[in-house]
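This is what each chain is made of:
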Amino acid sequence: MADAKYGHDHQKLRAEWKRKVDAGGVHCAAELHGHPCVMPETIIHPGSKWALGHYDEHIDPEQVMPPAPEHFRCNAKAPSLWKQRALAPKEEYGWFPAA
């Protein structure tokens, strides 16, 4: 059974993307969603584990990026990357202009 927190619209979009991933040629959208792809190559190979990733709104609430496939590992790694960024000096990520 599908995870209850993902409703009909999410499941429908995932099914649409699954057809594309299964056909080949889909690249990981992690970087479009604000975190790096952690795999050796960005292509999501047919039959490999993947997740329907989304843009992390806390980076820029004005930015809108549609959900798209990410490698499962990229999607699972995102929360720890955001925690690392939250604890790191902000200027390291270019969030504030250099003095």
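Given the structure is predicted, the values throughout are model-derived calculations rather than measurements.

**As for the pattern of salt bridges**
Tallying each qualifying case throughout the model produces 1 salt bridge. Ionic pairing is found between lysine 18 and aspartate 22, a salt bridge with its closest N-O pair at 2.6 Å. In this pair, lysine 18 and aspartate 22 are both assigned in helix H1 (residues 8-23), 4 residues apart and thus about one turn of the helix distant. Judged by its relative accessible area of 44%, lysine 18 is partly exposed. Classification of aspartate 22 as partly exposed rests on a relative accessible area of 39%.

**Comments concerning H1**
For H1, which comprises 16 residues, the first-to-last C-alpha distance of 23 Å matches the rise-based estimate of 22 Å (1.5 Å per residue) to within 8%. Count one or two residues on from H1 and you reach glycine 24, which has phi positive near 95 degrees.

Procedures and definitions
Residues numbered from 1 in each chain as written. Predicted model: local features only at pLDDT ≥ 70, side-chain atom pairs only at ≥ 80, totals over all residues. Heavy atoms only, no water. Salt bridge = Lys/Arg side-chain N within 4 Å of Asp/Glu carboxyl O. Helix = DSSP H or I, 4+ residues; strand = E, 2+ residues; numbered from the N terminus. Buried < 20%, exposed > 50% of the residue type's maximum accessible area, 1.4 Å probe, protein only. Expected span 1.5 Å × (residues − 1).

Don't take any of this as a statement about function, it's just geometry.
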